[in-house]
Amino acid sequence: MGLTLHPSKTRITHTLHPQGETDGFDFPGFTVRQFPAGKYHTAHNAYGTPLGFKTLIQPSPTSIKRHQEKLKQIIERHQAATQSQLIAALNPVIIGWSNYFSTVVSSQAYQGLDHWLYLQLKDWATHRHPRKSQRWITNKYWLLHRGEGWTFAAVTPDGIQRLAVHNRTAIKRHIKVQGNRSPFDADCLYWSTRMGRHPQIGQQVASLLKGQRGKCAHCQLFFKDRDLLEIDHIIPRAQGGKDEFTNLQLFHRHCHDVKSANDGR
Ligand SMILES: [Zn+2]
């Protein structure tokens, strides 16, 4: 493919046996390590032979630290703001970070972060009310919910506003494409449902995929996993076509270009 490795940016590392501090590697925010594992937890090779270790991908210590610094800055900037303003500033950062790492094993990292954040918020609250007791502060800024424990939450005119919790982000493991599947086989259902479940595919596209049985309405070929999909108006909008489901079809992007050019004629 014409790629070369940059020697100063390249490191050969063992992912299982520690060699000093260099075991495993970090790759955009993720740490890849292997850990010795007993017979119930070990990974297996393609022939079912136990390997004696398992591979874990986790948020790297650097990305956890960077995330903590960001949260800390937000808390410091909101020293004089209301609890509601603080929660509104923290939530998108917590949710964004948690979602980014939700495809890897992060439960431990999430738990650690939530505890760390609790301590930061306790300081934030104590700092505002130096003369009040811990009990008073807890009652003012934390709510006790059955089954959920204590939540940093503000009571606003619109209802209760809660702080997002890292550890409540469901961990979604990536599902590999089954080895014996081909985008060109007849089992379009597998592909449509697989793609329909993709978090970046909206409901409209998923429904169209299902209706078209996984095929492009222009070239009749099955959509493949990384194809760019575009929604087309069967009767173009310029010609009075409505923005209704019955006037929509799903195309490959390149097929859409061909059709749009013809529509213009
Ligand atoms: Zn097509």
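The present account deals with the structure reproduced in this document. Given the structure is predicted, the values throughout are model-derived calculations rather than measurements.

What follows covers the sheet that holds strand β6 (residues 159-162). Read from one edge of the open sheet, three strands run β4-β5-β6, paired in antiparallel fashion. Edge positions in the sheet fall to β4 (142-145) and β6, since each of these pairs with one other strand and no more. Ignoring strand direction, the axes of neighbouring strands in this sheet form an average angle of 55°. Examined bridge by bridge, β4 and strand β5 (residues 149-156) share four bridges and lie antiparallel to one another.

Turning to the packing of helix α2 (residues 83-100) against helix α3 (residues 107-128), a few remarks are in order. Helix-helix packing: each pair is described by the crossing angle between the helix axes and the interaxial distance. At a minimum axis separation of 13 Å, α2 and α3 run at an interaxial angle of 165°. With respect to each other, α2 and α3 are oriented roughly antiparallel. The two elements α2 and α3 cross, and the hand of that crossing is right-handed. Together, Q83, L86, L90, I94, W97 and S98 of α2 and Y110, L113, L117, L121 and W124 of α3 make up the contact between the two elements.

With that settled, consider helix α7 (residues 253-263). For α7, the set of buried residues is C255, H256 and K259. One side of α7 carries all its buried residues, which in axial view fall inside an arc of 100°.

Nonpolar side chains tend toward joint burial in soluble globular proteins. L86, L90, L117, L121, F152 and L163 are the most contacted members of the largest nonpolar core, which has 20 residues in total. Breaking this core down by element, the ones donating at least two residues are α1 (61-77), α2, α3, α4 (134-141) and β5. Other than its neighbours up to four places away in sequence, L90 contacts L71, I74, I75, L121 and L163. Listed in part, the nine residues of the second largest apolar core include L209, C216, L250 and F251.

Binding of the zinc ion to the protein goes through C216 (SG), C219 (SG), H252 (ND1) and C255 (SG), at separations of 2.0 to 2.4 Å. Around the zinc ion, the four donor atoms are arranged such that angles at the metal cover 101 to 119°; this shape is classified as tetrahedral. Of note, the zinc ion draws all its donor residues from one chain, in the sequence arrangement C-x2-C-x32-H-x2-C. Taken as a pair, C216 in the loop between α6 (203-211) and β7 (229-233) and H252 in strand β8 (residues 248-252) lie far apart in primary sequence, 36 residues in all.

This part takes up the side chain of S63. Looking at the element boundaries, S63 is found in helix α1. Sequence-distant contacts of S63, defined by excluding residues within four places in its chain, comprise G29, W97 and F101.

Another point: the sheet that holds strand β2 (residues 30-36). The strand order across the open sheet formed by three strands is β1-β2-β3, and the pairing between neighbours is antiparallel. Where the open sheet ends on each side, the last strands, each with one partner, are β1 (25-27) and β3 (53-59). Sheet twist, expressed as the mean angle between neighbouring strand axes with direction ignored, is 30°. Here β1 pairs with β2 via three bridges, running antiparallel. If you follow D26 over to β2, its bridge partner there is T31.

Moving on, we come to the packing of aromatic side chains. The relative placement of two aromatic rings is captured by the distance of their centres and the angle of their planes. Applying the stated criterion to the full structure yields eight aromatic pairs. A centroid spacing of 5.9 Å and a plane angle of 75° characterise the contact between W124 and F152, whose relative ring orientation is edge-to-face. Separated by 28 residues along the polypeptide, W124 in helix α3 and F152 in strand β5 bring together distant segments of the chain. Here the aromatic residues Y118, W124, Y141, W142 and F152 are joined through ring pairs into a cluster of three or more. Here the basic side chain of K140 rests over the ring of Y141, its NZ or CZ set 5.5 Å away from the ring centre. Lying across the ring of F222, K215 places its NZ or CZ 5.5 Å from the centre.

Along the chain, H166 turns up in the loop between β6 and α5 (188-196). A distance of 2.9 Å separates the side chain of H166 from the side chain of H67, its partner in a polar contact. At 2.8 Å, the side chain of H166 and the side chain of D114 are in polar contact. Once residues lying within four places of it in the same chain are set aside, the contact partners of H166 are H67, L71, I94, W97, S98, Y110, L113, D114 and L117.

Rules used throughout
- In every chain, residue numbers begin from 1 and rise along the written sequence.
- Only residues with pLDDT of at least 70 are given local features in this predicted model, and only at 80 or more are side-chain atom pairs given and counted; all residues enter the totals for whole chains, interfaces and linings.
- To get the side-chain values, take all heavy atoms of the structure and skip hydrogens and water.
- Strands were regarded as paired on the criterion that DSSP finds at least two bridges between them.
- Going along the chain from the N terminus, every DSSP run of H or I of four or more residues is numbered as a helix, and every run of E of two or more is numbered as a strand.
- Lines fitted to the C-alpha atoms define the axes, with helices restricted to the stretch that makes contact. Angles between their N-to-C directions range from 0 to 180 degrees.
- If an angle is under 35 degrees, it is roughly parallel; if it is over 145, roughly antiparallel; if it lies from 65 to 115, roughly perpendicular; otherwise it is oblique.
- Crossing handedness follows the turn of the near helix against the far one: under a right angle anticlockwise gives a left-handed crossing, and clockwise gives a right-handed one.
- Contacts are assigned to residue pairs that have any heavy atoms within 4.5 Å of one another.
- Burial classification: accessible surface area is computed with a 1.4 Å probe over protein chains only, and a residue below 20% of its type maximum counts as buried, one above 50% as exposed, and the rest as partly exposed.
- The arc in question is traced by the directions running from the helix axis to the C-beta atoms.
- Note on terminology: a nonpolar core comprises buried Ala, Val, Leu, Ile, Met, Phe, Trp, Tyr and Cys residues joined through side-chain atoms within 4.5 Å.
- Each metal site lists N, O and S donors within 2.8 Å (3.2 Å for Na, K and Ca). With water left out of the atoms, a site can look as if it is missing ligands.
- Under the classification used here, a metal with four donors is tetrahedral if each angle lies between 85 and 135 degrees, square planar if opposite donors are over 155 degrees apart and the others between 65 and 115, a six-donor metal meeting that same test is octahedral, and anything else is irregular.
- Ring geometry is summarised as follows: Phe, Tyr and Trp rings, the Trp one being its six-membered ring, pair when their centres sit within 6.5 Å, and such pairs are stacked at plane angles under 30 degrees, edge-to-face over 60 and tilted between the two.
- Consider the ring centre and the ring normal. A charge sits over the ring if Lys NZ or Arg CZ is within 6 Å of that centre and within 35 degrees of that normal.
- Any N or O atom pair separated by 3.5 Å or less is treated as a polar contact, with the protein-specific requirement of one donor-capable and one acceptor-capable atom, and with residues adjacent in sequence counted only for side-chain atom pairs.

Shape is all these values report; function is a separate question.
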